[in-house]
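Letter by letter, the chains look like this.
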Amino acid sequence: MIDPRLSGPPESLNHVVQVLNLWRSADQSSALHYIDQLSPIEFEKSALLFELRCRCHGFVGPRLLVDGLWFVRSYGGISRVWEQILQTLSIPGMCFPDAPVSIIDRHSCLAISDRFPQMIGSSVDPLNWCLLPAVSDENSVLCSQNGADVFVSSWISSSGHKKPVCSELALVHDCIPDRMPDLDPSLRSLRRRWLVGASDHLAVSASTAADLSQVLGHQSSFCSWCHPCTIDGFDKSFPSVEIQSQLFAQLDLPAPYVLLPATAGIGTYKNPELLLSALSDCRLGQVHLVLCGRSSLRHVDSFCRFHPSLEGRVHGRVFNDFELRLAYQGALAVVVPSRFEGFGLPVIEALAANSVVITTDVPGLREAASGAVPTVGSGDPQALADWLSLLLDPSSLAWLRRHLERRRRRRMSQLHPDLLGLSLLSKARRLASSLSR
C-alpha cells in the first residue's frame, strides 16, 4: 500500500507494478517497451510511473548520497528496510552514472551496500547520539566532495549540524522518541534538526506520516508514505514437509510456543508484559514463550520475575533470517503486543511465512496487518489469553486458519518489494528539480 500522491490512481499503480515486474524478471528493454506503449498523460498521473520512465530512458537524475549510519546494525527494522531499498536500487539499469546513488560507509554490516560507490565516513554507534553532531559536520564535507544533490538519512544525521549544504530527504520509520516527555534534550534537538531541517520526508506508513505531521505542523502536507515489504526469503516454500521438519527440529524449540519478535524490557512501548500476563492464564500452562532478538537473552530472568508462573517457560534465542522463518512457521502464534509502532515489520514477515499473528489494536500495527490478523487491546491480557487458548484447540485452529488465510493472501497481494525504493528515487528527483528552478 502506498500514498496515492505518489502512486496515482489504481490503474497507474497497476502500470507501475507491471513495469517493475518486467524489469526484474525480464530486462530493462521489456520494461521500456511497456512504458513506451503508455499514453503521455499516464506519466502526469503518477510520480512513480514518471520516475520509471526517466530511469528506463536513462534521463539525467539527481546525485544521491545515503548515510549508512544504521548499516552497522545488521538486525532490526531499519536495516531490513534499507536492504529492501538497496535491492531495488541495484536492479540493473535502475541507477547509472548520470543518476547515481552513493553510500557513506561506516563499516556497514549490509553486504548489499558494496554494490554502490562508497565514501568513507567515521564509524560510530548510531545510538551514541552525542557523536552525531560531528557526524553531520563530516557529512557536509562528504556531500560537497560527492557533488550530492540530495542527502538521504533515516536516523537523525544531516548534511550539516547547523544547516544543510544540499537538499535533505528524511526516511522516517517512526516518531516514537518524539512521544516521550522525558527524552534526552540533546537527542530531541538532533531529531528536531533532522525532521524540521529536511527538505522533504518519506514515511514507512500513513500512521508515521500522521505522527510526523504533528511534529512538522504546516509542513505536514508534504509527507508521503509507502509500506515496506521485507518478505524476501520469508515467503519461500521448502522442498518438502520432511525437510522443513528436519530443519525445524535442529532449532530445538519447546512446544507449543508463542514467538515474541523484537524483544524489549518491561515498561517499554514494546509492552511485553501484556503477553507475560496472558501466558500466566491457567489454560496456557503448557505454552512456552520464545523471545527473539539480540537482546532477548538478557530479558529471560526479568520476565520470569515479573510472572513467576513462567519460570522454565521463557527462552531467549537469536535467529538468522532462515531460522527466524522456521521459528515463525512453527509458532502457535507470533504476538506483537506493542503500545505503538511506526509500522510493524514482524507482522508482514510472519504473515509471509504463513504464521498465525496476533497484534494489539494500535495504528501502526493495524496498518501493517490491514485486517489480516486478530487484534486485542494493549491492556487486555484476558483477550489475548482467550485467543491463544482458542489456538490450542485443533478443531478451532483448523477453521481459524482457513479464515485467516484468505485475509493473509489479500494483504500480501497489496505489497510490492520495489515500491519503497522507487518512492525514494521519485522524492529525490522532485527535490532536485525544485532546487534547479
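Our subject in this report is the structure included herewith. Keep in mind that this is a model prediction, so the values were computed, not measured.

## Structural notes on the sheet that holds strand 7 (residues 223-225)
- Spatial strand order, 3-2-1-4-5-6-7: seven strands in an open sheet with parallel pairing. Lying at the two open borders of the sheet, with one neighbouring strand each, are strand 3 (118-120) and strand 7. Ignoring strand direction, the axes of neighbouring strands in this sheet form an average angle of 25°.
- Direction of pairing for strand 5 (residues 167-172) relative to strand 6 (residues 200-203): parallel, over a ladder of four bridges. In the sheet register, leucine 171 faces strand 6, and the bridge partner there is leucine 202.
- Sheet strands touched by helix 9 (residues 185-197): strand 4 (150-153), strand 5 and strand 6. Its angle to strand 5, the strand with the most contacts, is close to 115°.

## Observations regarding empty space enclosed by the protein
- Enumeration according to the criterion identifies one cavity of 30 Å³ or more in this entry.
- For the largest cavity, the calculated volume is near 30 Å³.
- Surrounding the largest cavity, Phe151, Ser153, Ser157, Ser158, Glu168, Leu169, Ala170, Trp194 and Ala198 form its lining.
- Contributing elements (two or more residues each) for the lining of the largest cavity: strand 4 and strand 5.
- Counting residues per element, the lining of the largest cavity draws most heavily on strand 5, at three residues.
- Across the lining of the largest cavity, the residue classes tally to five nonpolar, three polar and one charged.

## Some thoughts on the pairing of strand 6
- Burial of the side chains of strand 6 extends over both faces: Asp200 and Leu202 are buried on one face and His201 and Ala203 on the other.
- Bridge count between strand 6 and strand 7: three bridges; the pairing is parallel. When the sheet's bridge partners are listed, leucine 202 is paired in strand 7 with serine 224.

The rules behind these values
- Residues numbered from 1 in each chain as written.
- Predicted model: local features only at pLDDT ≥ 70, side-chain atom pairs only at ≥ 80, totals over all residues.
- Heavy atoms only, no water.
- Pairing = 2+ DSSP bridges.
- Helix = DSSP H or I, 4+ residues; strand = E, 2+ residues; numbered from the N terminus.
- Axes fitted to C-alpha atoms, helices over the stretch in contact; angles between N-to-C directions.
- Contact = heavy atoms within 4.5 Å.
- 1 Å grid on protein atoms, 1.4 Å probe; cavity = no way out; pocket = protein on both sides within 12 Å on 5 of 7 lines; lining within 4 Å.
- Points joined across faces, edges and corners; volume = space filled by probe spheres on them.
- Nonpolar A, V, L, I, M, F, W, Y, C, P; charged D, E, K, R; others polar.
- Buried < 20%, exposed > 50% of the residue type's maximum accessible area, 1.4 Å probe, protein only.

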